[in-house]
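Observations on chain architecture
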Amino acid sequence: MNAKTEFPDGLARCGWVDTSTEYMAYHDTEWGHPEADDRALFEQLCLEGFQSGLSWRTILSKREAFRRGFANFDPARVARFGEKEVAALLADSGIVRHRGKIEAVINNAARALEMIQREGSLAAYLWRFEAPAGAPSTYGASTSEQSEALSKALKKLGWKFVGPTTVYAFMQSVGMVNDHSPDCHCYAASEKARKAFRRPA
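To start, this report covers the structure provided alongside it.

About the cut-offs
Residues numbered from 1 in each chain as written. Predicted model: local features only at pLDDT ≥ 70, side-chain atom pairs only at ≥ 80, totals over all residues. Heavy atoms only, no water. Core = buried A, V, L, I, M, F, W, Y, C linked by side-chain atoms within 4.5 Å. Buried < 20%, exposed > 50% of the residue type's maximum accessible area, 1.4 Å probe, protein only. Contact = heavy atoms within 4.5 Å. Axes fitted to C-alpha atoms, helices over the stretch in contact; angles between N-to-C directions. Helix = DSSP H or I, 4+ residues; strand = E, 2+ residues; numbered from the N terminus. Parallel < 35°, antiparallel > 145°, perpendicular 65-115°, else oblique. Left-handed = near helix turned anticlockwise from the far one by under 90°. Nonpolar A, V, L, I, M, F, W, Y, C, P; charged D, E, K, R; others polar. Lys, Arg positive; Asp, Glu negative; His and termini not counted. Salt bridge = Lys/Arg side-chain N within 4 Å of Asp/Glu carboxyl O. Polar contact = N/O pair within 3.5 Å; in protein donor to acceptor, adjacent residues only side chain to side chain.

Let us look at the nonpolar core. Within the largest apolar cluster, 54 residues are counted, with the highest numbers of intra-cluster contacts made by Phe 42, Phe 66, Phe 70, Leu 154 and Trp 159. Non-local contacts of Phe 66, meaning those with residues more than four positions away in its chain, are made with Leu 47, Phe 50, Ile 59, Phe 73, Ile 95 and Val 96.

With that out of the way, let us pick up the packing of helix α9 (residues 145-156) against helix α10 (residues 164-173). One way to put it is that α9 packs onto α10 with a least axis distance of 8 Å and a crossing angle of 115 degrees. Put simply, α9 runs roughly perpendicular to α10. In this structure, α9 meets α10 at a crossing whose hand is right-handed. Contacts from Gln 146, Ser 147, Glu 148, Leu 150, Ser 151, Leu 154 and Lys 155 in α9 reach Pro 164, Val 167, Tyr 168 and Met 171 in α10. Taken together, the residues of the contact of α9 with α10 break down into six nonpolar, three polar and two charged.

Turning to its location among the elements, Asp 38 is positioned in helix α2 (residues 38-51). Buried charged residue Asp 38 carries no salt bridge. Nearest counter-charge: Arg 39, at 10 Å. Here the side chain of Asp 38 touches Leu 122 through a polar contact of 3.0 Å, landing on its backbone nitrogen. Look past the residues within four positions of Asp 38 in its chain and what remains in contact with it is Ile 116, Ser 121, Leu 122 and Ala 123.

Turning our attention to unusual backbone geometry. Phi angles above zero are rare outside glycine, and Ala 71 is one such case at about 50 degrees. Positionally, Ala 71 belongs in the loop between α4 (63-69) and α5 (75-78). We note that Asn 72 has phi near 55 degrees; this positive angle belongs to a residue other than glycine.

The next thing to look at is the pattern of salt bridges. Taken as a whole, this structure holds 15 salt bridges when the rule is applied. In this structure, Asp 9 engages Arg 13 in a salt bridge whose closest nitrogen and oxygen atoms are separated by 2.7 Å. Residue Asp 9 is classed as partly exposed on the basis of its relative accessible area, which comes to 43%. Of the charged contacts in the structure, one is a salt bridge between Glu 130 and Arg 194, with a shortest N-O distance of 3.0 Å. Of this pair, Glu 130 sits in the loop between α8 (122-126) and α9 while Arg 194 sits in helix α11 (residues 187-196); the two residues are 64 residues apart in sequence, bridging distant segments of the chain. Exposure remark for Glu 130: the relative accessible area of 15% places this residue in the buried category. For Arg 194, a relative accessible area of 16% gives the class buried.

Below, the structure is given as structure tokens:
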């Protein structure tokens, strides 16, 4: 999808961005920036799971409510959620009230803790699935060889709502691939950030 320029500041941005201040800020300052913080990675993977079947615009508008409901996506706290917390979340009109997705986040929090104990961090594991240097571009795709592999690996470890399309959207958002349109004003900055980024060991 080519960039468009119908924005108040005249800058070219990816075609999926609307003209709302919130959405432009997310695109410019977060999407595609390399991320290595475990809490942030867990949050983004959970939110991408909630986005399945919906627009990211919907999820972004509810992000603060999601953070409140899910203890700021602290895996150690979320893993202890029980039916009382599930009931409260199902009654929270500020989030997407889907029992399967809510229960998947709780399940995935426990799986995240297992991964951190085994691998040292979520980041160390997840970034192993980044495409190698020189790999063919996947710009404009909805999945990739790497998202297929990471999705399969996570499912094998017991994670839920981590299909290859969801995982690819996650990889785009946390900078594991630069999927800004080549004519987007953020493309070069994303490339620079990815080159400077120290991959988790």
